[in-house]
Amino acid sequence: MSHSQPTPSPMLLLRMTRPAFLLLTVVACALGTATASACGCGLDWTLALGATSLAVLAHAAGNVLNDLHDARNGADAANGQGIFPFTGGSRLIQSGAVTERQTADLAKALLLFLLPAGLLLAVKTGGGVVVLGSAGLLLAWAYSAPPLRLMSRGLGEPTVALVWFLVVVGADYVQRRQFFIIPASAAAGFALMVAALLLINGFPDAEADARVGKRTLVVRLGATPAALLYASLVLCAHAWLALSVWLLIPPMPALWGLVSLPFSLAALGWLWIHRHQPGRLKPALALTVAATLLHGLGMAWGFAQMARFH
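Criteria and cut-off values
Residues numbered from 1 in each chain as written. Predicted model: local features only at pLDDT ≥ 70, side-chain atom pairs only at ≥ 80, totals over all residues. Heavy atoms only, no water. Disulfide = S-S within 2.5 Å. Helix = DSSP H or I, 4+ residues; strand = E, 2+ residues; numbered from the N terminus. Polar contact = N/O pair within 3.5 Å; in protein donor to acceptor, adjacent residues only side chain to side chain. 1 Å grid on protein atoms, 1.4 Å probe; cavity = no way out; pocket = protein on both sides within 12 Å on 5 of 7 lines; lining within 4 Å. Points joined across faces, edges and corners; volume = space filled by probe spheres on them. Nonpolar A, V, L, I, M, F, W, Y, C, P; charged D, E, K, R; others polar. Expected span 1.5 Å × (residues − 1). Phe/Tyr/Trp six-rings, centres within 6.5 Å; stacked < 30°, edge-to-face > 60°. Buried < 20%, exposed > 50% of the residue type's maximum accessible area, 1.4 Å probe, protein only. Lys NZ or Arg CZ within 6 Å of the ring centre and 35° of its normal. Core = buried A, V, L, I, M, F, W, Y, C linked by side-chain atoms within 4.5 Å. Contact = heavy atoms within 4.5 Å.

### A look at the state of the cysteines
Inspection of every chain in the model, using the stated rule, returns 0 disulfides. Left unpaired, Cys-41 is separated from the closest cysteine sulfur, that of Cys-39, by 5.6 Å.

In structure tokens:
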């Protein structure tokens with residue numbers, strides 16, 4: 001740790017991970033656990049809690065890495081239009097609460113803990129955990145860190161979508177001990193919602209991102225095409241859920257995930273009206289967060305109702 005700055009307190013360390021966003025991973029793990037339980041694979045609460053804890057820590061590490069590299073590339077310092085807490089990072093480095101060195105040290109500590117803990121989980125469940133966990137950590141690193149910096153190449157949204165797809169599939173795998181189509185189907189729609197969440201978060205940050213060469217999709221496409229892409233993502237997520245149930249991939253109770261549709265439509269309407277006024281997008285950001293969480297929770301609830309009969 002830096003000698004010129006006091007060691008961060010436990011509360012400050014928690015703030016560095018952006019804890020409000022970690023709920024997204026908890027919901028993804030709940031969905032994956034519910035798909036396995038609904039299929040009659042049983043429910044090992046110890047493994048479920050262990051897998052969820054590791055996934056949350058991996059997400060926390062990704063958030064810390066993102067703050068570190070956005071500080072190094074100047075994106076967060078240049079961002080005067082971010083809508084806290086949705087966009088613009090934790091702002092802890094910019095406010096002087098922590099240093100870049102302390103942020104890097106926290107990321108390293110989280111990653112060093114995750115490696116042996118992930119291997120232990122794999123011993124208990126199967127080698128698929130190593131594959132999924134390694135892929136997730138690699139993508140979390142590549143999202144922010146050079147030389148790949150996927151977030152700056154217009155690849156941030158598909159990268160994040162893939163990560164949360166893997167989280168849902170991984171939570172199911174921990175219970176099921178094998179890969180299966182039903183969790184993959186549920187994960188696909190949830191991943192599209194996560195991609196839409198990251199996309200809309202890029203609107204308030206677009207001006208600052210463009211100044212430092214961070215070429216997100218909003219920067220590359222412009223406001224109107226990016227808003228149309230947002231519409232495509234949220235509508236496809238809900239349409240996929242309906243279609244997949246019609247194709248008999250997930251069971252009918254998974255349609256509880258459609259509870260998010262009104263929130264997505266409200267967010268889309270607000271985004272479309274204010275797409276050229278990023279400072280007015282806070283309601284759309286909040287609605288998108290709510291829709292994403294409700295989409296995952298709704299499906300998880302539906303699968304959980306089935307699990308009661310096994």
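Right, picking up where we left off after that structure.
### Considerations on the side chain of Thr-288
Looking at where Thr-288 falls in the secondary structure, it is placed in helix α13 (residues 282-307). Polar side-chain contacts of Thr-288 include one of 2.7 Å to the backbone oxygen of Ala-284.

### Considerations on the layout of surface pockets
A volume near 230 Å³ is recorded for the second largest pocket. Taken together, 12 residues form the lining of the second largest pocket, with Ala-30, Thr-33, Leu-43, Trp-45 and Ala-48 sitting closest to its centre. Every element with two or more residues in the lining of the second largest pocket is listed here: α2 (23-38), α3 (45-72) and α13. Of the residues contributing to the lining of the second largest pocket, the split by class is 9 nonpolar, 3 polar and no charged.

### Structural notes on helix α6 (residues 100-125)
Here α6 contains 26 residues, and its C-alpha end-to-end distance of 37 Å stays within 8% of the 38 Å for a straight helix at 1.5 Å per residue. Where α6 terminates, the next one or two residues include Gly-126, which has phi positive at roughly 145°.

### Some points on the packing of aromatic side chains
What the rule picks out here adds up to 1 aromatic pair. For the pair Tyr-173 and Phe-179, a centre-to-centre distance of 4.8 Å together with 35° between the ring planes defines the contact as tilted. Under the relative-accessibility criterion, Phe-179 is labelled partly exposed at 48%. Here the basic side chain of Arg-275 rests over the ring of Trp-272, its NZ or CZ set 3.8 Å away from the ring centre.

### Details of the nonpolar core
Leu-24, Leu-31, Leu-121, Trp-164, Phe-190, Met-299 and Phe-303 are the most contacted members of the largest nonpolar core, which has 45 residues in total. Those elements that provide at least two residues to this core are α2, α3, α6, α7 (128-144), α8 (156-176), α9 (181-211), α11 (223-246) and α13. Here the element with the most residues in this core is α8; it accounts for 10 residues. Those residues in contact with Phe-303 that sit more than four places away from it in its chain are Leu-31, Ala-34, Thr-35, Ala-38, Ile-182, Ala-186, Pro-250, Pro-251 and Ala-254.

Remember that the coordinates give geometry; whether it matters functionally is a separate question.
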